[in-house]
Amino acid sequence: MTLEIGLTLFITAVAIVLFATEKVRMDAVAILLIVSLAATGLIDGKDALSGFSNSSTITVAAMFILAAGLQHSGALNRIGQMLGRVKSPLMFLLVMFVSATVMSMFISNTAVVAVFIPIVLASAYKIGMAPSKALLPLSLVAQMAGLTTLIGTSSNLLVNGIAEQQGAADFGVFDFTLFGLLLLAAGCVYLLLVYRFLPDTGMQENDSRSNGHYVAEFQVKQDSLLIGQTISDSAMRKEFHAFPLALIRRGEKLSLPAHQMVHVDDVLLIRAEPENLLGLQQQFGLELHDNQDNSHQEEQDLVVVEAMIAPGSDWAQERLDTLQDDGWSRSVQVIGVQRRGNIVRKQLGRLKFKVGDILLLLVPRKDIDDFRRDSAFIVLAEGEKPMPNSWRAPFSIVVMLAVVIVAALEWAHISMTSMMGAVAMVAAGCLSAEAAYKAINWRIIILLAGLLPLGLAMTETGAAQYVVDHTVGLVKDSGPLLALGALYLVTKLLTEFMSNSGVAVLFAPIAISTAKMLGVSPEPFLIAVMFAAGASLMTPVGYQTNTMVYGAGGYRFGDFVKIGLPLNVILMALTLLLIPMFWPFEG
């Protein structure tokens, strides 16, 4: 092993640990990769920054804008109407699968799931179906559908970018669509058979506006009816079904909060349903604790909103008192927080929000449109719905189709067509220039730009070939199919616990080196990496859409394993059977 190979493998191993443990933000890890590779001389400075100008990175950024244009223009509103007219759970799932598939083939599956979550929450109970029976299948189908086209998921674009960079392959938009649809069809049949075994959780009331219990932080005012009595003696628990989690007096948390005599300026952590939190605040003379300054809201017309913190949100890993600094966020009032799998017991001002947390908010009516368009949140329920912008809805659909068709006919590269489509969306007013910038998940863009140089270093230093020689090379005499299976299995296991983009970049050079060692076509191995890395099917932490439905559906970790593990086995078997038929090794 040379010094260059050893350094590359060490840097790669550190990156894998950081990705898996999430101790450092993904985009920060990507920057560290760029700096480390350049500082050690493994690649020169120009190559270290080449990820920012790579066509794959540009395409992903443009696709974020295209997806936002479709959503903001109202082009996706009819999906909710279709699901609302369905009468049976089976038909509900079929319509949802078909709709999510068509959308996920061309726009980010994260955006697709964000659109569908409030639709499923609002529509499922109309047919007597718990949302938890549909949300996990939705996430899995969106991931599988994203693999059917080159632009459906960023990992496909990354693998193709590395393959194109090394002259190993250059896939078109629909080169693996038929193959992907066969796997997707098998996955959908499986999910239609097993969705009944998912837990009956999620919203507990037959009311699409209630997503469960929230924890709110109140301060006792001087005229409060609670002063001089205990919470257990008051009507709070009996009439409002509210449960006290903590009573804090002068910074000290007292034991047995329900049986403590309430004093002026005591801080109460109360757990209750949304409408009850609002009711008890008014009846008992309570006010939201001073972790937020919203005194200017008193005379404003407010809308109650339930919203989930989305992947890539500025609110994730931040505290409430550090967030309300500009724009509409200064006028939003956080009433309560709901965190799946945990009951929040901290004061809200000290709580770091997480992706998947659901917030109960008061939003000024004048800011509600800006709030809906903010990609930091997924609106689950609100007082009013946005209206489609007339001709802009069909226009945005035409633009999206043009982007795909022109690229598929190879009249222009997908990076150029997607950029032109993004410009058309903004020029037509489907979304503003400011909204376009906000629509781009810059953490993902920096992540991609930082990972691509790692793939280059793996190849140029010989690290990829070294890994192959000491792993897959041990079974090279058993034939390429066994090597393909080993590559798929290791890739799949890693992508269940860390960034799929990171796994794709790590294994794409290994796939190419494996093919060279065996003297066969690299295409079968590249396809295996795409389909193994692009879908995390059995953990709530491996992919963003899983994290989103984990909170909204009220699932446990084991629910993902129970449904996803057999699905992984089915897809792996079909992949190893079909890949040699579509892409022969000797090709």
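Position labels on residues start from 1 in each chain and follow its written sequence. pLDDT decides what is reported in this predicted model: residues at 70 or higher carry local features, side-chain atom pairs at 80 or more are listed and counted, and totals for whole chains, interfaces and linings draw on all residues regardless. The basis for every side-chain value is the complete set of non-hydrogen atoms in the structure, without hydrogens or water.

Enquirer: Can you help me understand the overall build of the protein chain in this one?
Expert: Helix and strand counts for the protein chain stand at 23 helices and nine strands. Classification of residues uses two cut-offs on accessible area relative to the type maximum, computed with a 1.4 Å probe and protein chains only: under 20% is buried, over 50% is exposed, and between them is partly exposed. Out of the 587 residues in the protein chain, the part that is buried amounts to 58%. In this description, accessible areas are obtained by the Shrake-Rupley approach with a 1.4 Å probe, and a residue is regarded as covered only by the protein chains that are shown. In the form shown here, the protein chain has an accessible surface area of approximately 24,000 Å², with 59% of it arising from carbon and sulfur atoms. Helix and strand assignments follow DSSP, with helices taken as H or I runs no shorter than four residues and strands as E runs no shorter than two, numbered in order from the N terminus.

Enquirer: Any chance you could explain helix α12 (residues 274–283) here in plain terms?
Expert: In an α-helix, one full turn covers 3.6 residues, which means residues spaced three or four apart are oriented alike. Listing the buried residues of α12 in full gives Pro274, Asn276, Leu277, Gly279, Leu280 and Gln281. On its buried side, α12 packs onto β1 (214–220), α11 (236–240), β4 (267–272), β5 (286–288), β6 (302–309) and β8 (358–364). The first or second residue beyond α12 is glycine 285, which carries a positive phi of 70°. Contacts: residue pairs with any heavy atoms within 4.5 Å of one another.

Enquirer: How do you make sense of the pattern of salt bridges when you look at a structure like this?
Expert: The rule for a salt bridge is simple: a side-chain nitrogen of Lys or Arg has to be within 4 Å of a carboxyl oxygen of Asp or Glu. This structure, assessed with the given rule, holds one salt bridge. One salt bridge in this structure joins aspartate 266 and arginine 249, with 2.9 Å as the shortest N-O distance. With aspartate 266 in the loop between β3 (252–254) and β4 and arginine 249 in strand β2 (residues 243–249), the pair connects residues that are 17 residues apart, well separated along the chain. Given a relative accessible area of 1%, aspartate 266 falls into the buried group. Overall, arginine 249 belongs to the buried group, its relative accessible area being 14%.

Enquirer: For this particular structure, what's the right way to read the packing of aromatic side chains?
Expert: Aromatic ring pairs are reported here in terms of the distance separating the ring centres and the angle at which the planes meet. Pairing of aromatic rings covers Phe, Tyr and Trp, the last through its six-membered ring, and needs centres within 6.5 Å; plane angles under 30 degrees mean stacked, over 60 mean edge-to-face, and all others mean tilted. Using the criterion set out here, one finds nine aromatic pairs in the structure. When the centroid spacing of 5.6 Å and the interplanar angle of 65° are considered together, the rings of phenylalanine 179 and phenylalanine 582 count as edge-to-face. Remark: phenylalanine 582 occurs in helix α23 (residues 557–582) and phenylalanine 179 occurs in helix α10 (residues 177–194); sequence separation between them is 403 residues. Residue classification places phenylalanine 179 among the buried residues on the basis of a relative accessible area of 1%. Ring plane angle 75° and centroid distance 5.8 Å describe the contact between tyrosine 555 and phenylalanine 560, whose orientation is recorded as edge-to-face. Connected via pairs of aromatic rings, a cluster forms that spans Phe171, Phe176, Phe179, Phe531, Phe582 and Trp583.

Enquirer: Can you help me understand the nonpolar core in this one?
Expert: One broad trend across soluble globular proteins is that nonpolar side chains are buried collectively. If you look at the biggest cluster of nonpolar residues, it comprises 178 residues, and the most contacted ones within it are Phe92, Met96, Phe525 and Leu526. Both domains that meet at this core, namely domain 1 (214–288) and domain 2 (302–382), each give it at least three residues. Once residues within four sequence positions are removed from consideration, phenylalanine 525 is found in contact with Pro480, Ala483, Leu484, Leu487, Ala511, Thr514, Ala515, Leu518, Val520 and Phe585. Grouped together as the second largest cluster of nonpolar side chains are 25 residues, Trp315, Ala316, Val337 and Leu361 included. Residue types Ala, Val, Leu, Ile, Met, Phe, Trp, Tyr and Cys, when buried and joined through side-chain atoms within 4.5 Å, form a set referred to as a nonpolar core. The split of the chain into domains comes from an automatic or database domain assignment.

Enquirer: Would you mind showing me how to read the packing of helix α8 (residues 132–146) against helix α22 (residues 544–553) here?
Expert: Any two packed helices are characterised by how steeply their axes cross, that is the angle between the axes, and by the distance between the axes. Two elements in contact, α8 and α22, have axes separated by 9 Å at closest approach and are oriented at 175°. Our classification of the angle between α8 and α22 gives roughly antiparallel. Only Thr545, Asn546, Val549, Ala552 and Gly553 of α22 make contact with α8, whose side of the interface consists of Ser132, Leu135, Leu136, Ser139, Leu140 and Gln143. In the contact of α8 with α22, the residues fall into five nonpolar, six polar and no charged. Throughout, an axis means a line fitted to C-alpha atoms (over the contacting stretch in the case of helices), and angles, computed between N-to-C directions, take values from 0 to 180 degrees. Under this scheme an angle from 65 to 115 degrees is roughly perpendicular, one under 35 degrees roughly parallel, and one over 145 degrees roughly antiparallel; angles in between are oblique. Three classes are used, and their members are as follows: Ala, Val, Leu, Ile, Met, Phe, Trp, Tyr, Cys and Pro are nonpolar, Asp, Glu, Lys and Arg are charged, and the others, Gly among them, are polar.

Enquirer: What's the story with helix α6 (residues 89–104) in this structure? I'm lost.
Expert: In this model α6 runs 22 Å from its N-terminal to its C-terminal C-alpha over 16 residues, within 8% of the 22 Å that 1.5 Å per residue would give. For α6, the set of buried residues is Phe92, Leu93, Met96, Phe97, Ser99, Ala100, Thr101, Met103 and Ser104. What a helix is expected to span follows from its residue count: subtract one and scale by 1.5 Å.

Enquirer: Explanation requested: the pairing of β8 in the structure shown.
Expert: Sheet faces and side chains relate simply in a regular strand, where the side chains alternate between the two faces. Counting buried positions along β8 yields seven of seven residues, so the element is predominantly enclosed. Judged by which residues are buried, β8 turns out to be covered on both faces: Ile358, Leu360, Leu362 and Pro364 on one side and Leu359, Leu361 and Val363 on the other are all buried. One bridge is not enough; two strands pair if DSSP finds at least two bridges between them. Alignment of β6 against β8, held across seven bridges, turns out to be antiparallel. Counted as the bridge partner of methionine 308 is isoleucine 358 from β8. Pairing between strand β7 (residues 333–338) and β8: five bridges, direction antiparallel. Its bridge partner being in β8, valine 334 is matched across the sheet by leucine 361.

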